[in-house]
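Next come the chains, spelled out residue by residue.
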Amino acid sequence: MHVRERAHMRHLILGVAALVALVGVWAWLDRGAGPSVPAEPRSATSVADAGASGQSHQLKAETKRQRGIFGLGSGRDVRISTAETVDGKACLIEEDGIGEAGSCMEGGLFALRKVEFLVSSQGGPERFTELHVAGVAAPAVRGVSVLKTDGESVRLAVNEDRAFVYESSPSDLAARVYPIALRLYGPNGKLVDEVSFPPAG
């Protein structure tokens, strides 16, 4: 897991599918001519945008669409948006009051899997003070649950734009119980996919 330093130490992990590649994760900056994704190389596991390290992605401001606002236990809000870049990539963007982060993919958000998400945390590596998963599911997905390291599966509230946020409870963090996968369900309630990612600890 790569460490991102802010006022509180923050770790950012991009979601992974069954195939894992190492790529860069970018912080978003406003440079006057519109938001862009500057090259800020980090070690992160992802299948998203492999090979884009070292590039800067300029967003098309008119394509940015807010998918949902979700409250965290700390009182901060997580805002989830999607947008396109001028070179045709699709991006998932998270803004949470501490900063912004994003993941940009070739071929659309759901070209590789039926969900795109970011896992963010504060504190660690021995003791996290906060950890949440924010994402958007593909149109065919009707339900999402989180699988945790203790084997429990938690069904998530998915809004009309198919956005969701899962926040680890203080008791889970104290016990070092972390989310490790997203389970996706179709219209009939049947499990259609499971996307695993490395545990935080």
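Model, not experiment: these values are computed from the prediction.

Caption draft 1: Structural detail: the pattern of salt bridges. Tallied over the full model, the rule gives 12 salt bridges. Aspartate 96 is paired through a salt bridge with arginine 76; the nearest N and O atoms lie 3.6 Å apart. Within this pair, whereas aspartate 96 is found in the loop between strand E11 (90-95) and strand E12 (100-105), its partner arginine 76 is found in the loop between strand E9 (65-71) and strand E10 (77-84), the two being separated by 20 residues in sequence. Of the residues examined, arginine 76 reaches a relative accessible area of 18% and is grouped as buried. Close ionic contact of glutamate 194 with arginine 183 constitutes a salt bridge, the shortest N to O distance being 2.7 Å. In this pair, glutamate 194 sits in strand E19 (residues 191-196) while arginine 183 sits in strand E18 (residues 179-185), placing the two residues 11 residues apart along the sequence. Among the ionic contacts, a cluster of salt bridges with common partners joins Arg76, Asp96 and Glu130.

Caption draft 2: Inspection of the pairing of strand E13 (residues 115-123) at higher detail. Along E13, nine of the nine residues are buried, which leaves the element largely enclosed by surrounding structure. Both E13 and strand E14 (residues 128-137) contribute to a ladder of nine bridges, which runs antiparallel. Its bridge partner lying in E14, glycine 123 is registered against phenylalanine 128.

Caption draft 3: The confidence of the model for the protein, seen in detail. Overall, the predicted model of the protein reaches an average pLDDT of 75, with 71% of residues at or above 70. Note on residues 1-55: pLDDT under 50 across the span, and 164 contacts to partners over four residues away in sequence or across chains.

Caption draft 4: Summary view of the packing of aromatic side chains. By the definition in use, this model includes two aromatic pairs. Ring geometry for phenylalanine 117 and phenylalanine 197: centres 5.1 Å apart, planes at 55 degrees, overall tilted. Here phenylalanine 117, found in strand E13, pairs with phenylalanine 197, found in the segment after E19; they are 80 residues apart in sequence, far enough to count as distant. The class of phenylalanine 197 is buried, set by a relative accessible area of 5%. With a centroid separation of 5.6 Å and 90 degrees between ring planes, the pair formed by phenylalanine 128 and tyrosine 178 is classed as edge-to-face. Of this pair, phenylalanine 128 sits in strand E14 while tyrosine 178 sits in the loop between helix H1 (170-174) and E18, placing them 50 residues apart in sequence.

Caption draft 5: The pairing of E9, seen in detail. Of the pairings in the sheet, the one linking E9 to E10 comprises six bridges and is antiparallel in character. Counterpart to isoleucine 69 in the pairing with E10 is arginine 79. Hairpin connection between E9 and E10: a loop of five residues separates the two successive antiparallel strands, and glycine 75 in this loop has a positive phi of roughly 100 degrees.

Caption draft 6: Main features of the environment of aspartate 96. Judged by relative accessible area, which is 0%, aspartate 96 ranks as buried. Residues aspartate 96 and phenylalanine 70 lie 26 residues apart in sequence; the distance between their C-alpha atoms is 9.3 Å. Reaching out from aspartate 96, the side chain makes a polar contact with the backbone nitrogen of isoleucine 98 at a distance of 3.0 Å.

Caption draft 7: Layout of the state of the cysteines. Across all of its chains, the model carries one disulfide by this definition. Two residues share a disulfide in this structure: cysteine 91 and cysteine 104, whose sulfurs sit 2.1 Å from each other. The sign of the S-S torsion, about 105 degrees, decides the handedness of the disulfide formed by cysteine 91 and cysteine 104: right-handed. Of the two residues, cysteine 91 is situated in strand E11 and cysteine 104 in strand E12; the sequence distance between them amounts to 13 residues.

Rules of the game
Residues numbered from 1 in each chain as written. Predicted model: local features only at pLDDT ≥ 70, side-chain atom pairs only at ≥ 80, totals over all residues. Heavy atoms only, no water. Salt bridge = Lys/Arg side-chain N within 4 Å of Asp/Glu carboxyl O. Helix = DSSP H or I, 4+ residues; strand = E, 2+ residues; numbered from the N terminus. Buried < 20%, exposed > 50% of the residue type's maximum accessible area, 1.4 Å probe, protein only. Pairing = 2+ DSSP bridges. pLDDT = per-residue confidence, 0-100. Contact = heavy atoms within 4.5 Å. Phe/Tyr/Trp six-rings, centres within 6.5 Å; stacked < 30°, edge-to-face > 60°. Polar contact = N/O pair within 3.5 Å; in protein donor to acceptor, adjacent residues only side chain to side chain. Disulfide = S-S within 2.5 Å.

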